[in-house]
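# Fold and geometry: a report
These are the residues of each chain, in order.
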There are 2 protein chains.
Amino acid sequence: MQEPPSSTPEGSLIDPEVHVESFRQAREARRLELVEDYVELIADLIGDGGEARQVDIAARLGVAQPTVAKMLKRLAEDGLVQQRPYRGVFLTASGEALAAQSRERHRIVERFLCALGVSPETARRDAEGIEHHVSAETLDAFRRFADGRSNA
Amino acid sequence: MQEPPSSTPEGSLIDPEVHVESFRQAREARRLELVEDYVELIADLIGDGGEARQVDIAARLGVAQPTVAKMLKRLAEDGLVQQRPYRGVFLTASGEALAAQSRERHRIVERFLCALGVSPETARRDAEGIEHHVSAETLDAFRRFADGRSNA
DNA sequence: GCATAAGTATAGCTATTGCTATATTCGACT
DNA sequence: AGTCGAATATAGCAATAGCTATACTTATGC
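Residues numbered from 1 in each chain as written. Chains lettered and ligands numbered in written order. Predicted model: local features only at pLDDT ≥ 70, side-chain atom pairs only at ≥ 80, totals over all residues.

### Some words on the overall build of chain A
Assigned secondary structure in chain A consists of 6 helices and 2 strands. Shown N-terminal to C-terminal, the secondary structure of chain A runs as helices and strands in the order α-α-α-β-β-α-α-α. A burial count over chain A gives 38% of its 152 residues as buried. Pairs at least 24 apart in sequence give 50% of the contacts found in chain A among residues at least 6 apart. (Helix = DSSP H or I, 4+ residues; strand = E, 2+ residues; numbered from the N terminus. Buried ≥ 20, exposed ≤ 12 C-beta atoms within 10 Å, placed from the backbone. Contact = placed C-beta atoms within 7 Å.)

### Focus on the protein's contact with DNA strand D
Close to DNA strand D lie 20 residues; Ala64 and Pro66 of chain A together with Arg53, Gln54 and Pro66 of chain B are nearest. Mapped by element, the contributors of at least two residues to the surface near DNA strand D are helix H3 (65-77) of chain A together with helix H2 (54-61) and helix H3 (65-77) of chain B. Here the surface near DNA strand D is composed, by residue class, of 11 nonpolar, 5 polar and 4 charged. (Near = placed C-beta within 6 Å. Nonpolar A, V, L, I, M, F, W, Y, C, P; charged D, E, K, R; others polar.)

### Remarks on the confidence of the model for chain A
All names here are of chain A. Here chain A averages 90 in pLDDT, while 90% of its residues score no lower than 70. Summarising per-element confidence for chain A, the mean pLDDT is lowest in helix H6 (residues 136-151) (90) and highest in H3 (97). Confidence drops under pLDDT 50 across residues 1-9; counting only partners more than four residues distant or on other chains, this segment forms 3 contacts. (pLDDT = per-residue confidence, 0-100.)

### Structural notes on the relation of the copies chain B and chain A
For the match of chain B to chain A, the screw axis carries a shift of 0.0 Å, the RMSD comes to 0.0 Å, and the turn is 180°. What the rotation and shift describe, once combined, is the action of a two-fold rotation axis. Measuring from the rotation axis to each C-alpha of chain B, the shortest distance belongs to Ile130 of chain B, at 2.7 Å. (Least-squares fit on C-alpha atoms with pLDDT ≥ 70 in both.)

### A closer look at the interface of chain B and chain A
Taken together, the contacts link 46 residues of chain B with 45 residues of chain A. At the level of elements, helix H1 (16-49), H2, helix H4 (93-116), helix H5 (120-130) and helix H6 (136-151) of chain B are the ones that each hand at least two residues to the side of chain B that touches chain A. Here the element with the most residues in the side of chain B that touches chain A is H1 of chain B; it accounts for 17 residues. Looking at the side of chain B that touches chain A residue by residue, the class counts come to 16 nonpolar, 14 polar and 16 charged.

### Here's the deal with H4 of chain B
In an α-helix there are 3.6 residues to a turn, and that puts residues three or four apart on one side. All names here are of chain B. An ideal rise of 1.5 Å per residue puts 34 Å on 24 residues; H4 measures up with 35 Å between its terminal C-alpha atoms. Among the residues of H4, those classed as buried are Gly95, Leu98, Ala99, Ser102, Arg103, Arg105, His106, Ile108, Val109, Glu110, Phe112 and Leu113. Positioned one or two residues after H4, Gly117 has a phi angle of 110°, which is positive. (Expected span 1.5 Å × (residues − 1).)

### Describing the packing of helix H1 (residues 16-49) of chain A against helix H4 (residues 93-116) of chain A
All names here are of chain A. Closest axis-to-axis distance for the H1/H4 pair is 8 Å, and the angle between their directions is 95°. For the element pair H1 / H4, the angle class is roughly perpendicular. Judged by residue contacts, Glu36, Val39, Glu40, Ile42 and Ala43 of H1 engage Gly95, Glu96, Leu98, Ala99, Ser102, Arg103 and His106 from H4. (Axes fitted to C-alpha atoms, helices over the stretch in contact; angles between N-to-C directions. Parallel < 35°, antiparallel > 145°, perpendicular 65-115°, else oblique.)

### As for the protein's contact with DNA strand C
The immediate surroundings of DNA strand C are formed by 20 residues, with Gln54 and Pro66 of chain A together with Ala64, Pro66 and Thr67 of chain B found nearest. For the surface near DNA strand C, the elements supplying multiple residues, two or more each, are helix H2 (54-61) and H3 of chain A together with H3 of chain B. Class assignment of the residues belonging to the surface near DNA strand C gives a composition of 11 nonpolar, 5 polar and 4 charged.

### Notes on unusual backbone geometry
If a residue is not glycine, its phi is most likely negative; likewise, a peptide bond is most likely trans. Even without glycine at this site, Tyr86 of chain A takes up a positive phi of about 60°. Structurally, Tyr86 of chain A is set in the loop between strand S1 (81-83) and strand S2 (89-91).

Quick look at the structure:
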């Protein structure tokens, strides 16, 4: 049950500690996904219409309004948004920062997928999930590739 | 609050229904991630050591053993694994099928990232998260790219 | 100025995924 | 065979993310 990492380990089983680290990173990303989706969307709504209302957030995410209300409360506790009762929600400085970072990552991933030859529709849908699991190094590779393709 | 999709929509706000669909797809992928991770890992452990014990699964995932026990119960209810009390766990036919598909996708994503110039370590870690959010179309693009690079 | 509609808050439920603590069973060794 | 350690089962707790139902505010129209 405890063989050392042989030179040809049949294929898939890597060092357990490395394995754990990969899963831990994926779990952590999963935990942050929703938060990033929210601040990104809030930034978009404010940028487009000047305000972000719960009903609009709910309509875009495809969830019920109380679900949004609960999440906004949590985001407020985390210092990412500021909400005034019965009014729209706004981003704090750190909320803006996170939103900007998320939007940039999203944009790069989507542009990269398109550059790779994926259809725009699929690129948009896949980017929504992939963006949260892309490290800085991979994001850089994506950006370089997309730049190279668009310049060529 | 309800402008039509102008030709230059400032950037980020797309058709609400399309937006919802992307988020729905991401949520669905999130729901399946863990299941895929489990069956993939179980297949690897069986392939490597002949059996998959809860302690080994827990050690690889970086979670506690009761967490694994609870998850295996759910996988058994879903007909993906078969467990004998106080013994290891095995994959059913559909479990094997899902595992094979997940492993293949994982392999392609990781190989693709490497082909793109990402370091093997980062490729491994990012692939663990990305694999669950890659559609068939994108996966195909990944495969083509990696093949092209390795043949070149 | 008041009724009504629209938006927000809140209560309370479910399911999922993690944990610790503890009981039970299996296996191996003497 | 009996004991002891390791593995598994089970109970119970917390946090997250969804839902419906309902109360409350705001804003709008007449």
